[in-house]
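This is what each chain is made of:
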Amino acid sequence: MALVLSEEQQMLKSSAKEFFNGNAPVSALRRLRDEKNADGYDKRVWEEMVQMGWSGLVFPEEYGGLQFGYTGLGQIMYESGKTLTASPLMSTVVLAGTVINEFGSSEQKQKYISDICEGKRLFAVAFEEKNIHSPHIANTKVVDNKLSGSKKFVLDGHIADVFLVTASSDSGLGVYVVDAKGAGVHVERHIMMDSRNASTVTFDNASVLDMIGLPGDGKTIIDRSLDIARICLSAEMLGSMEEAFSRTVAYLKERKQFGVSIGSFQSLQHRAAHMYCEIELCKSLVIKSLQAIDQNADNLAHLASMTKAKVGQITELVSNEAIQMYGGIGMTDDEEIGFFLKRARVSQQTLGDYNYHLDKYAVLNNY
Amino acid sequence: MSTATQVNIDAFRSETREWLEANCPQSMRSPVKTFKDYFWGGRNPTFHSEDQKLWFERMRDKGWTVPRWNKEYGGAGLSKSEYKVLKEEMAKIGARSPLFSFGIHMLGPALLGFGSEEQKLQYLPEIARGEMWWCQGYSEPGAGSDLAGLQTSAEDKGDHYLVNGQKVWTSYADYADKIFCLVRTDKNAPKHTGISFLLIDMKSEGVSTRPIKLISGSSPFCETFFDNVKVPKENLVGVENEGWNIAKYLLTHERSMIGNVAKMDKTLDEYAIESIGIEDSVLADPVNRIKTAQWLIDEAAFNFTLERALDEAKAGSPPGAKSSFFKYYGTEMNKRRYELMMSTGGFDNLVWGEEYEDGKTARDFCRTKANSIEGGTSEVQLNIISKHILGLPKK
Ligand SMILES: Cc1cc2nc3c(=O)[nH]c(=O)nc-3n(C[C@H](O)[C@H](O)[C@H](O)COP(=O)(O)OP(=O)(O)OC[C@H]3O[C@@H](n4cnc5c(N)ncnc54)[C@H](O)[C@@H]3O)c2cc1C
């Protein structure tokens, strides 16, 4: 398949770009941060995204979705990465939506996916327990339909109506549905360095409402869903990295020292040119991987790890070089470039950093 | 793509597959490794095996040494999509290039773009048929990265030019039949505007070569000397004093060729596993394990990017200065690959021996160091990307 966007995907990308620039630019994230917004995202912006069908973009029409594919969703992620827009897109649509859509029964899809498409309820997936990404570990237990344990780094946990929780039972790892507002559920919100939110969620004999797949299916469900989410997150990271880079190149042309633009200094030119090349590789991985989701490719795990590893590395490189090339002004809170550095570090560790994925890629290839 | 076109392409694919299956000898279906695996053509061609000769002749007769060129120039006149199919089908069975030639990749495009019709009809078919071995005479001792500073002069003597000067780094000048050269035809003009593109027969009186031995121990390069060499006027390609445009155009071609990271018969992880071994189901050397994974990811990403560039070109966006990106990244990656092979390969790879084959990896490793020098250094490519892609200012 040609590694270019179709006309429809291109159009979606343009409207996403216009929407985020107009409604949720970086300054909007700053405002949410400064006013200590209780939700951590702009409800009005999210409602409009739902109106446009973006919350249901990848889901089947019979449940209220548009069935437009992940390559399309990736373009929305990409554009939202450029503006660093905070929204429940990742937690509710990409993570929870994918888990249910890929592994839920048709009744479950009717019940949950249609709510996601209509923006009626927000979801969060709770699968981390350790301090670094370890999606297969669950000391959280399910006994007699009661779930107990503690989860870390639950993205958007503080606004979720429903949790999908990984937990162990005698049959192994499973994915369970728990009411976020129900008895025995305690949510502690943490504002992260990127001004977005993740929670520590403690379950104390919380009632299990439902289960996705069978009790032992958890690993399969999480592996595939996280791979899809890793690719979508990489698309967002690509947007952020490209935006940080183009701002940096613009600054190199604008800032004068020694009577010339700093962009005329070869030491900076070569570093910028090198970043350009690395970003080109990231673009190719992201589009290849997004298309692989839509084509149901059997090497999705390979592609997801390749993409998240490489994009993570280059996001780190570009965000660091951006601050260095801006000089002192890059260290000030007034300048927006610092927001990109902060988001880069959070997205890097979300769903596995490059250490994790380089290792995983080697394991997938049997070495 | 219209369905009719798609049907044609599908038919072309199956014909091509069948033809290759029937005509490509088994021994021509593995990556080129040694000097003997290359066929360069020339006035006195040397075939290193019967299969090599057979494969070359069959491909030549199909016009598939230069599949995109028109039939009257010795090609097959394939469309872009057909050419893509041919390349894919050849890659699928690991078929080698039947003919290695600077004529195809460097002089050919120059003639197609800038030559007169007589020149095209005279030179292109013999390139396509592998009857002429061309070498490239650009670099001089004083003109490397600053190529436009070249001094080899061609003086107008009425019916001919009189050429004097020295070229260096001329690959295979000691085997080649002819050389395409950049020469200075106007000493007083600014350096980029007094250069012309001239074709010279290596048999001409006053041309001599001296091989240069490289750190790899092989010497495919020469210094080439021109001492009062008479060159007919009709050997000028394009307009006098406008040769720099041709040179720039050609360097773009050359770069995209060097930038391709060659396939090898073992992938880097297979290589590492064979040499270091697996312990507790992972490669026994944890640092090389991660470096290997990293390199393989970069390789795949780079290949996707080549693929994407082709797809984008098809969709109408021009590659432009991108060839500098491919040249820079591809050559640096090839160096990294050999650095890793030296590291994972251990003591065995340190052997040098008498013949090139005795110490092949060590020698190839040394040779890769030139990848980021030849065809314009990495630093020069980064300069081009900065200026022409990023639009960063000159001082
Ligand atoms: C194996 C091999 C094969 C070759 N084959 C051919 C051939 O077939 N035909 C032919 O004509 N030539 C050939 N060349 C020559 C090649 O094109 C030159 O070597 C190359 O252009 C560099 O020139 P130089 O060696 O004079 O290095 P220099 O130009 O002297 O460069 C030395 C160092 O200075 C750096 N430098 C120079 N200018 C700048 C700048 N503006 N900014 C930053 N850094 C800079 C370079 O990057 C390099 O690191 C070949 C070279 C090699 C090694």
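Residues numbered from 1 in each chain as written. Chains lettered and ligands numbered in written order. Predicted model: local features only at pLDDT ≥ 70, side-chain atom pairs only at ≥ 80, totals over all residues. Heavy atoms only, no water.

### A look at the site of the ligand
What counts is decided by this rule: Any residue with a heavy atom positioned within 4 Å of a molecule or strand is treated as near that molecule or strand. The definition of a polar contact used here is a pair of N or O atoms within 3.5 Å, where within protein one atom must be able to donate a hydrogen and the other to accept one, and adjacent residues in sequence count solely through side-chain atom pairs. All accessibility values rest on the Shrake-Rupley procedure with a 1.4 Å probe; residue burial counts only the protein chains present in the view.
Among the 17 residues in the neighbourhood of the ligand, the closest are listed as S139(B), S145(B), S171(B), T377(B) and E379(B). The ligand is flanked by residues contributed from chains A and B. Between the ligand and the protein, one listed contact pairs a nitrogen atom with a side-chain N or O atom of Q266(A) at 2.8 Å. Taking N383(B), its side chain carries an N or O atom lying 3.2 Å from a nitrogen atom of the ligand. Here the ligand has 980 Å² of accessible area as a free molecule, and 69% of this is covered by the chains.

### Looking at helix α10 (residues 360–368) of chain B
All names here are of chain B. Here is the rule: Think of it in three bands: with a 1.4 Å probe and only protein chains considered, a residue is buried below 20% of the maximum accessible area for its type, exposed above 50%, and partly exposed in between. Helix and strand definitions follow DSSP, with helices as H or I runs of at least four residues and strands as E runs of at least two, each counted in order from the N terminus. Any pair of residues with heavy atoms lying within 4.5 Å of one another is described as a contacting pair.
Across the nine residues that make up α10, a large majority, eight, are buried. Every buried residue of α10 is listed here: K360, T361, A362, R363, D364, F365, C366 and T368. Those residues of α10 hidden inside the fold are in contact with α7 (268–276) and α9 (322–345).

### Considering the domain arrangement of chain B
All names here are of chain B. Note the threshold: The split into domains, and so the bounds of each, comes from an automatic or database assignment of domains. Buried area: the accessible surface (1.4 Å probe) lost by two parts on joining, summed over both. In the sections that follow, a salt bridge refers to a side-chain nitrogen of Lys or Arg positioned within 4 Å of a carboxyl oxygen of Asp or Glu.
When its domains are assigned, chain B resolves into domain 1 (3–100), domain 2 (134–241) and domain 3 (259–389). The distance between the C-alpha centroids of domain 1 and domain 3 comes to 25 Å. The interface of domain 1 with domain 3 comprises four residues on the first partner and seven residues on the second. Both sides of the domain 1 and domain 3 interface together cover about 560 Å² of buried area, and 59% of this is carbon and sulfur. Looking only at domain 1, the three residues that lose the most surface to domain 3 are P31, K33 and K84, adding up to 62% of its buried area. Where domain 1 touches domain 3, the interface holds zero salt bridges.

### Digging into the packing of aromatic side chains
As a reminder of what qualifies: The criterion for an aromatic pair is that two Phe, Tyr or Trp rings (for Trp, the six-membered ring) have centres within 6.5 Å, with stacked assigned to planes under 30 degrees apart, edge-to-face to planes over 60 apart and tilted to the rest. Counted as over-ring charges are cases with an Arg CZ or a Lys NZ within 6 Å of the ring centre that also lie within 35 degrees of the ring normal.
Tallied over the full model, the rule gives 34 aromatic pairs over all chains. An angle of 70 degrees between the planes, with centres 6.5 Å apart, marks the rings of F12(B) and W64(B) as edge-to-face. Here F12(B), found in helix α1 (residues 3–23), pairs with W64(B), found in the loop between α2 (50–62) and α3 (80–93); they are 52 residues apart in sequence, far enough to count as distant. An identical accessibility class is assigned to F12(B) and W64(B); each is buried. Three or more aromatic residues joined by ring pairs form one cluster here, namely Y38(B), W40(B), F100(B), F102(B), W133(B), Y172(B) and Y175(B). The ring of F339(A) has K342(A) sitting right over it, with the charged end atom 5.7 Å from the ring centre.

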